[in-house]
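Report on the structure
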Amino acid sequence: KQWYQRRVRDSCKTMMQNLPKGFPCTFHRAFDFIHTPENAVQTLKDLGFSRILTTGGGSDVSSSIDTLKELYTAGVTGSVTILPGGGVNESNVICLKEIGFREVHSSCSIYCEDAEYGSLFNKPLPSGQRKTVCPLKVERLCMILQTNE
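Our subject in this report is the structure included herewith. (Residues numbered from 1 in each chain as written. Predicted model: local features only at pLDDT ≥ 70, side-chain atom pairs only at ≥ 80, totals over all residues. Heavy atoms only, no water.)

Here we look at the state of the cysteines
Considering all chains together, one arrives at zero disulfides under this definition. Cysteine Cys108 is unpaired, with the sulfur of Cys142 as its nearest cysteine sulfur at 7.5 Å. Residue Cys142 is classed as partly exposed on the basis of its relative accessible area, which comes to 35%. (Disulfide = S-S within 2.5 Å. Buried < 20%, exposed > 50% of the residue type's maximum accessible area, 1.4 Å probe, protein only.)

Below you can see the structure in the form of structure tokens.
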């Protein structure tokens with residue numbers, strides 16, 4: 001456990017030192033494997049990360065709402081944007097917005113036979129279907145996040 005945390009910290013420190021100052025960077029979902037995420041927010045900020053992409057440690061954002069609330073507070077305090085991602089959809093984005101999140105990460109994907117929207121994921125599934133981005137899902141999520149309710 002400590003070895004892993006030290007290894008992530010050392011690897012990130014080396015990588016961040018090689019980037020131009022002020023270059024915005026997002027710490028991806030490896031954050032979900034950190035045992036004390038609330039403490040890690042400040043460490044990642046100190047390393048130079050401006051965003052942290054996370055489910056909140058669960059299998060998806062819906063299963064980690066309480067942790068995401070805590071992380072949102074820690075992110076605001078530490079001036080880091082917590083970016084909920086993993087299973088974000090129209091139903092749970094409303095709850096995320098109520099917590100205070102104004103940004104989310106979502107694939108907004110659908111399965112289709114003929115990739116009518118154009119497939120961004122070129123490898124077909126065993127069923128022959130392809131996974132592609134649905135512009136209507138993108139539009140709906142944006143509308144929910146942009147409304148002032």
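Description of the sheet that holds strand S2 (residues 51-54)
Across the sheet, which stays open at both edges, the three strands sit in the order S1-S2-S3 with parallel pairing between neighbours. In this open sheet, the two strands that pair with only one neighbour each are strand S1 (26-27) and strand S3 (81-84). (Pairing = 2+ DSSP bridges. Helix = DSSP H or I, 4+ residues; strand = E, 2+ residues; numbered from the N terminus.)

Focus on the packing of aromatic side chains
A full pass over the atoms with the stated rule returns two aromatic pairs. A centroid spacing of 5.2 Å and a plane angle of 85° characterise the contact between Phe27 and Phe49, whose relative ring orientation is edge-to-face. Of the two residues, Phe27 sits in strand S1 while Phe49 sits in the loop between helix H2 (37-47) and S2, which places them 22 residues apart along the sequence. With respect to class, Phe27 is no different from Phe49; both count as buried. Look at Tyr72 and Phe101: their rings are 5.0 Å apart centre to centre, the planes differ by 70°, and that puts the pair in the edge-to-face class. With Tyr72 in helix H3 (residues 65-78) and Phe101 in the loop between helix H4 (90-99) and strand S4 (109-112), the pair connects residues that are 29 residues apart, well separated along the chain. A residue is classified by how much of its surface remains accessible, and Tyr72, at 25% relative accessible area, is partly exposed. Judged by its relative accessible area of 2%, Phe101 is buried. (Phe/Tyr/Trp six-rings, centres within 6.5 Å; stacked < 30°, edge-to-face > 60°.)

Quick notes on the pattern of salt bridges
Summed over the entire model, instances satisfying the criterion amount to three salt bridges. The partner of Asp32 in a salt bridge is Arg29, and the shortest N-O contact between them spans 2.9 Å. By relative accessible area, which is 14% here, Asp32 ends up buried. Under the relative-accessibility criterion, Arg29 is labelled partly exposed at 35%. Here Glu90 and Arg140 are joined by a salt bridge, their closest N and O atoms 3.2 Å apart. On the criterion of sequence distance, the pair formed by Glu90 in helix H4 and Arg140 in helix H5 (residues 135-146) is long-range, its members being 50 residues apart. For Glu90, a relative accessible area of 33% gives the class partly exposed. (Salt bridge = Lys/Arg side-chain N within 4 Å of Asp/Glu carboxyl O.)

Some words on the nonpolar core
Grouped together as the largest cluster of nonpolar side chains are 29 residues, with contacts concentrated most on Phe27, Phe31, Val41, Phe49, Ile52 and Leu96. Of all the secondary-structure elements, those providing two or more residues to this core are helix H1 (2-17), H2, H3, H4 and H5. When near neighbours in sequence (up to four residues on either side) are disregarded, Ile52 contacts Thr26, Phe27, Phe31, Val41, Leu44, Val80, Thr81, Ile82 and Leu83. (Core = buried A, V, L, I, M, F, W, Y, C linked by side-chain atoms within 4.5 Å. Contact = heavy atoms within 4.5 Å.)

Some remarks on the packing of H4 against H5
Between H4 and H5, the shortest axis-to-axis distance is 10 Å and the interhelical angle comes to 20°. Classified by the angle between their axes, H4 and H5 sit roughly parallel to one another. Considering the relative orientation of H4 and H5, their crossing is right-handed. On H5, the residues that touch Glu90, Val93, Ile94 and Lys97 of H4 are Arg140, Leu141, Ile144, Leu145 and Gln146. A per-class count over the contact of H4 with H5 returns five nonpolar, one polar and three charged. (Axes fitted to C-alpha atoms, helices over the stretch in contact; angles between N-to-C directions. Parallel < 35°, antiparallel > 145°, perpendicular 65-115°, else oblique. Left-handed = near helix turned anticlockwise from the far one by under 90°. Nonpolar A, V, L, I, M, F, W, Y, C, P; charged D, E, K, R; others polar.)

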